[in-house]
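Chains, contacts and geometry: an overview
Chain by chain, the residues run as shown.
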Amino acid sequence: MEAGIQILQKAEAAKMYKDLIIQLNKDFLRAGLSEQFGEDLAAEALMRNLTGSLYTTIVSDFEVYLNLLYVIDVSESKIKNLPQQEVHELVFAVSELILEREFVKVSFKNRSE
């Protein structure tokens, strides 16, 4: 969870926090998930909501979870390299990978504008 918070703080410092949340919401919709995150959420609350949503998705509809990873373009090798762990621990690691990828996306988008 700590690394996820650090990514969000990095996004805040780069003035891309809101863009990251917008991108996250867009990708969740594209993956067929109705969960949306408020643009004014604090980093800790966003991390908590993201991990909660991932947990629910993994246990209720694994196909949608896989589709979400595909839509966000999370590295398959990074997912495969995660240690075997309980689902409630896995969601923290996957959340960090998702935030890392979304931050890369918005950084690239902001650089090219």
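The structure contained in this document is the topic of the report that follows. (Residues numbered from 1 in each chain as written. Predicted model: local features only at pLDDT ≥ 70, side-chain atom pairs only at ≥ 80, totals over all residues. Heavy atoms only, no water.)

**Regarding the pattern of salt bridges**
Selection criterion: Here, a salt bridge means any Lys or Arg side-chain nitrogen found within 4 Å of an Asp or Glu carboxyl oxygen. The helix and strand labels rest on DSSP assignments: H or I over at least four residues marks a helix, E over at least two residues marks a strand, and numbering proceeds from the N terminus. Here the term buried applies to any residue with accessible area under 20% of the maximum for its type, exposed to any over 50%, and partly exposed to those in between, with areas from a 1.4 Å probe on protein chains only.
For the structure shown, the criterion picks out seven salt bridges. Note that Lys-18 is salt-bridged to Glu-39, the shortest N-O span being 3.5 Å. Taken together, the residues Lys-18 in helix H2 (residues 17-30) and Glu-39 in the loop between H2 and helix H3 (43-60) connect sequence positions 21 residues apart. Residue class for Lys-18 comes out partly exposed when judged on its relative accessible area of 49%.

**Overview of unusual backbone geometry**
Look at Lys-15: it is not a glycine, yet its phi comes out positive at around 60°. Within the secondary structure, Lys-15 sits in the loop between helix H1 (2-13) and H2. For Lys-15, a relative accessible area of 74% puts it in the exposed group. Even without a glycine there, the phi angle at Asp-73 is positive, about 75°. Mapping Asp-73 onto the fold places it in the loop between helix H4 (62-72) and helix H5 (76-80). Residue classification places Asp-73 among the partly exposed residues on the basis of a relative accessible area of 46%.

**Description of the layout of surface pockets**
The probe, sized like a water molecule, is rolled over the atoms to show the empty space still left. The line we're drawing: Of the two site types, the cavity is a set of points on a 1 Å grid over the protein atoms alone where a 1.4 Å probe fits but cannot get out, and the pocket is an open set with protein on both sides within 12 Å along at least five of seven lines, each lined by residues with an atom within 4 Å of a point. Grid points are joined across faces, edges and corners, and a volume is the space filled by probe spheres set on the points. Under the scheme applied here, ten amino acids are nonpolar (Ala, Val, Leu, Ile, Met, Phe, Trp, Tyr, Cys and Pro), four are charged (Asp, Glu, Lys and Arg), and all others, including Gly, are polar.
Quantified by volume, the largest pocket comes out at close to 160 Å³. Lining the largest pocket are Leu-66, Leu-69, Tyr-70, Asp-73, Val-74, Glu-76, Ile-79 and Lys-80. If you list the elements that add at least two residues to the lining of the largest pocket, you get H4 and H5. In terms of residue class, the lining of the largest pocket is built from five nonpolar, no polar and three charged.

**What about the packing of H3 against H4?**
Packed helices, taken two at a time, are described by their axes: the angle between them and the distance between them. So the rule is basically this: To define axes, lines are fitted to C-alpha atoms, for helices over the stretch in contact only, and angles between the resulting N-to-C directions are given on a 0 to 180 degree scale. To sort the angles, those under 35 degrees are grouped as roughly parallel, those over 145 as roughly antiparallel, those from 65 to 115 as roughly perpendicular, and the leftovers as oblique. Any two residues having at least one pair of non-hydrogen atoms within 4.5 Å are treated as being in contact.
Where H3 meets H4, the axes come as close as 5 Å, and the angle between the chain directions of the two elements is 130°. When the axes of H3 and H4 are compared, the pair comes out oblique. Contacts from Leu-54, Thr-57, Ile-58 and Ser-60 in H3 reach Phe-62, Val-64, Tyr-65 and Leu-68 in H4. Split into classes, the residues belonging to the contact of H3 with H4 amount to six nonpolar, two polar and no charged.

**Structural notes on the nonpolar core**
We count it as follows: The term nonpolar core refers to a set of buried residues drawn from Ala, Val, Leu, Ile, Met, Phe, Trp, Tyr and Cys, joined through side-chain atoms within 4.5 Å.
Within the largest apolar cluster, 37 residues are counted, with the highest numbers of intra-cluster contacts made by Leu-24, Phe-37, Leu-46, Leu-54, Leu-68, Ile-98 and Leu-99. Elements represented by at least two residues in this core include exactly H1, H2, H3, H4 and helix H6 (87-111). Among the elements that make up this core, the one with the highest residue count is H6 (eight residues). Those residues in contact with Leu-46 that lie beyond four places of it in its chain are Leu-8, Tyr-17, Ile-21, Leu-24, Phe-37 and Leu-41.

These figures capture arrangement, not role.
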